[in-house]
Amino acid sequence: MKKRRTARRARYNFGVSALLLCLLFLLPLFTVTVVRHEQEKAGEQEPEPIEILPPGEIDSSGTVRVLLGDTVETMTMADYLTGVLRAEMPASFEQEALCAQAVAARTYTLYKLSAGSNHAPDADICGDHTCCQAYLGKAQAAANWGENAERYEAKIENAVSATDGQTILYDDQPILAVFHSSSAGQTKSAGEVWTQDLPYLQSVSSPEKDTEIPNYYSRVEFTPAEFREKFLAIYPEADLSGDISGWVRDLTVTEGINVDRVTIGGVSVRGSQVRTTFGLRSASFDVEVQDGKLVFFVTGYGHGVGMSQYGANEMAKEGRTWREIIQHYYTGVTIAARSWQGG
């Protein structure tokens, strides 16, 4: 455990030092680089335009009623999934990764729809990522993307069209196709994070590269008073007295550095519960006492179950297809066309 923590801290400190050294040497060149970029920009070749594929027949049939804020909008499944992809995955990602995301989003939607709506009497699903999936309209996405808007929109529309109706199945039923931003080299099984384990949501390797992911390593620190206040608000039976070096004990991990359980103030809690309590980016963490504070060193972002988006993008860069990506992250599944005839 100590070796892993030392290596973890060394990676974190090395990253900070490297960043400072880069800034030291690169800042004097920044002005020259900007000028040169503007001088050469006129001669740059524009990326080849992406031809938008025709809408798929399956996703364009039937409608889904989506609760967006206080308004329920009726749209085709294709239009809904396009809005989900705009919000849920960077449009700069590889096309096959976007296709994998489209299939996961479609499957998650069909799973939720088959379970029945609990959003509003006249809504099938909502655009809140804490409940369903995030949704972003075309105009707002274009404003966010700027000069890349036309190209990015085409990539996303193609991802939906190219995978028209394709759904991830287990026992011939749509699965709970959850996904997250990035793992710590290994995804988590559903049972590690939630109450129920699922056969198709098992831990698998994930090839994301830490150097290509923003905030892949993060650090969160708390004074003893802050730590005590947050934890006792959820676990009032905990004993957070005495020296803070004894507050956190018996941290156990699964594969990689995914925290399974840890004892805090005598209370055994899951890693996912610690993440929620302290607002960590993931439940893959180490914790140490430094300068009188409790410090979390965190890797990755998200609950860690299902498809890692940055892992999927790395697999796409390696030449893997969206089908291969899906069948890697979701264990023992099949893929087939399914439709939604609501509306």
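Analysis parameters
- Numbering of residues begins from 1 in every chain and follows the order in which that chain's sequence is written.
- Only residues with pLDDT of at least 70 get local features here, since the model is predicted, and only at 80 or more are side-chain atom pairs given and counted; chain-wide, interface and lining totals rely on the full set of residues.
- The basis for every side-chain value is the complete set of non-hydrogen atoms in the structure, without hydrogens or water.
- Only runs of H or I of at least four residues qualify as helices and only runs of E of at least two qualify as strands under DSSP, and these elements are numbered from the N terminus.
- Take the residue count of a helix, subtract one, and multiply by 1.5 Å to get its expected span.
- Categorising residues by exposure relies on relative accessible area from a 1.4 Å probe, with only protein chains included: less than 20% of the type maximum marks a residue as buried, more than 50% marks it as exposed, and the intermediate range marks it as partly exposed.
- We count a salt bridge whenever a side-chain nitrogen from Lys or Arg sits within 4 Å of a carboxyl oxygen from Asp or Glu.
- Any two strands with at least two DSSP bridges between them are considered paired.
- By definition in these notes, contact holds between two residues if any of their heavy atoms fall within 4.5 Å.
- Nonpolar cores are built from buried Ala, Val, Leu, Ile, Met, Phe, Trp, Tyr and Cys residues. Side-chain atoms within 4.5 Å join them into one set.
- Lines fitted to the C-alpha atoms define the axes, with helices restricted to the stretch that makes contact. Angles between their N-to-C directions range from 0 to 180 degrees.
- Here the word oblique covers every angle except those under 35 degrees (roughly parallel), over 145 (roughly antiparallel) and from 65 to 115 (roughly perpendicular).
- Note: crossing handedness is left-handed where the near helix turns anticlockwise from the far helix by less than a right angle, and right-handed where it turns clockwise.
- Polarity classes work like this: nonpolar for Ala, Val, Leu, Ile, Met, Phe, Trp, Tyr, Cys and Pro, charged for Asp, Glu, Lys and Arg, and polar for all others, with Gly in that last group.

Undergrad: Would you mind showing me how to read helix α2 (residues 77-88) here?
TA: Given 3.6 residues to a turn, an α-helix orients residues that are three or four positions apart in the same direction. Taking 1.5 Å per residue, 12 residues should reach 16 Å; α2 reaches 16 Å between its end C-alpha atoms and fits that length. Of all 12 residues making up α2, 10 are buried, and the element is well covered by its neighbours. Every buried residue belonging to α2 is among Met 77, Ala 78, Tyr 80, Leu 81, Thr 82, Gly 83, Val 84, Leu 85, Arg 86 and Glu 88, and all of these are buried.

Undergrad: What is the right way to look at the pattern of salt bridges in this model?
TA: Pairing between side chains becomes possible if they bear opposite charge and their charged atoms approach one another. By the definition in use, this model includes nine salt bridges. Salt-bridge contacts for Arg 219 lead to Glu 221; the nearest nitrogen and oxygen are separated by 3.2 Å. In the salt-bridge network here, residues are joined through shared partners; they are Arg 219, Glu 221 and Lys 293.

Undergrad: Where do I start with the pairing of strand β9 (residues 259-264) in this structure?
TA: As a general feature of sheets, a regular strand has side chains that alternate between the two faces. Bridge count for strand β8 (residues 248-253) against β9 is four bridges, and the pairing is antiparallel. By the bridge assignment for β9, Val 253 is matched with Val 259. Relative to strand β10 (residues 267-270), β9 is paired through four bridges, and the arrangement is antiparallel. Across the sheet, the residue bridging to Thr 263 is Ser 268, located in β10.

Undergrad: Just checking my understanding: could you explain the sheet that holds strand β2 (residues 71-75) for this structure?
TA: Remark on secondary structure: sheet strands pair via backbone hydrogen bonds, oriented parallel or antiparallel. Strand order across the open sheet formed by three strands is β2-β1-β3, with mixed pairing between neighbours. Whereas interior strands pair on both sides, the edge strands pair on one side only; in this sheet they are β2 and β3 (125-126).

Undergrad: Before we go on, may I ask you to explain the environment of Val 262 in this structure?
TA: Take Val 262: it is sitting in strand β9. Given the relative accessible area of 2%, Val 262 is considered buried. Put simply, Val 262 and Thr 252 are 10 residues apart on the chain and 6.2 Å apart in space, counted from C-alpha to C-alpha. When sequence neighbours within four positions are dropped, the list of residues in contact with Val 262 reads Val 248, Arg 249, Asp 250, Leu 251, Val 267, Ser 268, Val 269 and Val 274.

Undergrad: Is there a simple way to think about the nonpolar core in this case?
TA: Soluble globular proteins tend to bury their nonpolar side chains together. Among the nonpolar cores identified, the biggest contains 65 residues, and Tyr 80, Met 307, Ile 326 and Tyr 330 are the most heavily contacted of them. Residues within four places of Ile 326 in sequence aside, it is in contact with Ala 100, Val 103, Ile 168, Val 333 and Ile 335. Core analysis: the second largest hydrophobic core is formed by 23 residues, Ala 238, Ile 264, Val 267 and Phe 285 among them.

Undergrad: What is the right way to look at the packing of helix α3 (residues 95-115) against helix α5 (residues 149-162) in this model?
TA: Helices that pack against each other are described as a pair by the angle of their axes relative to one another and the distance between those axes. One can describe the packing of α3 onto α5 by two numbers: an axis separation of 8 Å at closest approach and a directional angle of 55 degrees. As summarised for this structure, α3 and α5 are arranged oblique, according to the angle between their axes. Read as a crossing pair, α3 and α5 show a hand that is right-handed. Each of Gln 95, Leu 98, Cys 99, Ala 102 and Arg 106 in α3 lies in contact with α5, whose residues at this interface are Lys 155, Asn 158, Ala 159, Val 160 and Ala 162. Considering only residue class, the contact of α3 with α5 consists of six nonpolar, two polar and two charged.

Undergrad: What should I look at first to understand unusual backbone geometry in this one?
TA: Most peptide bonds adopt trans geometry, and most residues besides glycine take a negative phi value. The backbone of Asp 171 sits at a positive phi, close to 55 degrees, despite the residue not being glycine. Along the chain, the position of Asp 171 falls in the loop between β4 (166-170) and β5 (173-174). For Asp 171, a relative accessible area of 66% translates into the label exposed. Here the phi dihedral of Asn 215 falls at roughly 55 degrees; this positive angle occurs in a residue that is not glycine. You can call Asn 215 exposed: its relative accessible area is 53%.

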